[in-house]
Amino acid sequence: MNILVTGGAGYIGSVLVFELLKLGHNVVVLDNFMYGQDSLLDCCIFHNFRVIRGDARDERLLGNLLKDADLIIPLAALVGAPKCDRDKIGTITVNRDAVMSLVKLASPQQRIIMPTTNSGYGIGQKGIYCTEETPLNPITLYGKVKVEAEKIVLDRKNSISFRLATTFGVSPRMRIDLLVNDFTYRAVKDRFVVVFESHVKRNYIHVRDVARVFIFAIDNFDKLKDQPYNVGLSDANISKWELCAKIKEQVPDFVYLESAVGEDPDKRDYIVSNEKIEKNGFKPIYSLEMGIAELIKAYTMLSNSRYGNV
Ligand SMILES: NC(=O)c1ccc[n+]([C@@H]2O[C@H](COP(=O)([O-])OP(=O)(O)OC[C@H]3O[C@@H](n4cnc5c(N)ncnc54)[C@H](O)[C@@H]3O)[C@@H](O)[C@H]2O)c1
């Protein structure tokens, strides 16, 4: 297939693109490399890889790149609640309007598979699993704009939306701001963390399982199309406190304390059912424990020490 991936140099994209290339797909990545990332260097050896430095909002560029695409995977976005609050206009124009442009310019035959966030569920009801039928109630600008983008994509048909849990694990474009990656980083580097709103529950998924679910969707497109699917680890609907305990199993001298003050800007608190995608035949293979073990190895190499001799 000819596949256009916007934002393909990001945390998810740089894992996914490598796998797509290995499978023999022709992949074009459009990314503005806003983090100065060199995450696609390993892809350059593939003759079926093309990379464009540009803006996903540039309709003229999109129009040209769309000409040969069978499938579009829009990943370009400002990602995460704090980042979006710092650049609201960027969030709306990249996360929603650029998706609108793609939908406008693509032919009905061209397929779209897009990730959105399961933070669209906002604050769930205690003990009740959020399914794809649960009304969406996004709280942050990031969540709200993602929900709008999902509607745009699903309304055009011939599209699939994946409501992803919080991803974790190692990627060539590393993100240590994601919850599991962040707490494991603190455990390895600082040996302690002070947790606020420690009871808050979330669902998690390994970045390699995210790549796998996209490939699963390519192979099963007609069966899955025109619907949203939750994608997360069904045995990992756990609180921040429980997550710390899991990290401590592998970093025994990790100390975590509860704080009575402090608020998560993200606000989400829910448990999620991933039964729909599982019933269609997709099962994640990377556990939280495997991801934590992988992160501990990675953090032996990585250090956020630009301004200090540590
Ligand atoms: N990682 C998660 O936990 C998670 C969960 C749910 C959904 N998602 C979605 O998956 C997608 C990728 O997320 P990620 O975690 O890989 O984030 P990321 O920040 O690592 O990747 C985003 C990529 O988009 C690029 N980009 C940003 N603005 C651009 C622009 N104007 N033009 C071209 N490229 C631009 C960035 O350079 C980066 O490579 C996003 O749409 C995000 O909302 C991620």
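Residues numbered from 1 in each chain as written. Predicted model: local features only at pLDDT ≥ 70, side-chain atom pairs only at ≥ 80, totals over all residues. Heavy atoms only, no water.

What to know about unusual backbone geometry
Residues other than glycine seldom take positive phi values, yet Lys157 does so here, at roughly 70 degrees. Lys157 gets classed as partly exposed once you look at its relative accessible area, which sits at 47%. Residues other than glycine seldom take positive phi values, yet Glu197 does so here, at roughly 45 degrees. You can see Glu197 is positioned in the loop between β9 (192-196) and β10 (201-206). Residue classification places Glu197 among the partly exposed positions, given a relative accessible area of 23%. (Buried < 20%, exposed > 50% of the residue type's maximum accessible area, 1.4 Å probe, protein only. Helix = DSSP H or I, 4+ residues; strand = E, 2+ residues; numbered from the N terminus.)

Things to note about the side chain of Asp31
In this structure, Asp31 sits in strand β2 (residues 26-31). One buried charged side chain, Asp31, makes no salt bridge at all; its nearest oppositely charged neighbour is Arg53, positioned 7.6 Å away. A polar side-chain atom of Asp31 sits 3.4 Å from the main-chain amide nitrogen of Gly8. A polar contact of 2.7 Å, which involves the side chain of Asp31, links it to the backbone nitrogen of Phe33. Residue contacts for Asp31: discarding those within four places in its chain leaves Gly7, Gly8, Ala9, Gly10, Gln37, Ile52, Arg53 and Gly54. (Lys, Arg positive; Asp, Glu negative; His and termini not counted. Salt bridge = Lys/Arg side-chain N within 4 Å of Asp/Glu carboxyl O. Polar contact = N/O pair within 3.5 Å; in protein donor to acceptor, adjacent residues only side chain to side chain. Contact = heavy atoms within 4.5 Å.)

Notes on the sheet that holds β10
Strands sit in the order β8-β10-β12 across an open sheet of 3 strands; the sheet is mixed. Two strands in the sheet have a free side with no partner beyond their single neighbour: β8 (166-168) and β12 (237-239). Recorded for the sheet is a direction-independent mean angle of 50 degrees between the axes of neighbouring strands. (Pairing = 2+ DSSP bridges. Axes fitted to C-alpha atoms, helices over the stretch in contact; angles between N-to-C directions.)

Some words on the pairing of strand β5 (residues 111-117)
Looking along a regular strand, one sees side chains alternate from face to face of the sheet. Across the 7 residues of β5, 6 count as buried, placing the element largely inside the fold. In this structure, strand β4 (residues 71-74) lies alongside β5, joined through 2 bridges in parallel fashion. By the bridge assignment for β5, Leu71 is matched with Arg111.

Here we look at the site of the ligand
Taken together, 31 residues lie around the ligand, and Tyr11, Asp31, Tyr142, Thr167 and Arg175 are the ones closest in. In the environment of the ligand, an oxygen atom lies 3.0 Å from a nitrogen or oxygen atom belonging to the backbone of Gly10. Between an oxygen atom of the ligand and a main-chain N or O atom of Tyr11, the distance comes to 2.7 Å. Against a free-state accessible area of 830 Å², the protein chains account for coverage of 98% of the ligand. Contributions of two or more residues to the shell around the ligand are made by β5 and α5 (141-155). The element best represented in the shell around the ligand is β5, accounting for 3 residues. (Near = heavy atom within 4 Å. Areas by Shrake-Rupley, 256 points an atom, 1.4 Å probe, with all protein chains shown as cover.)

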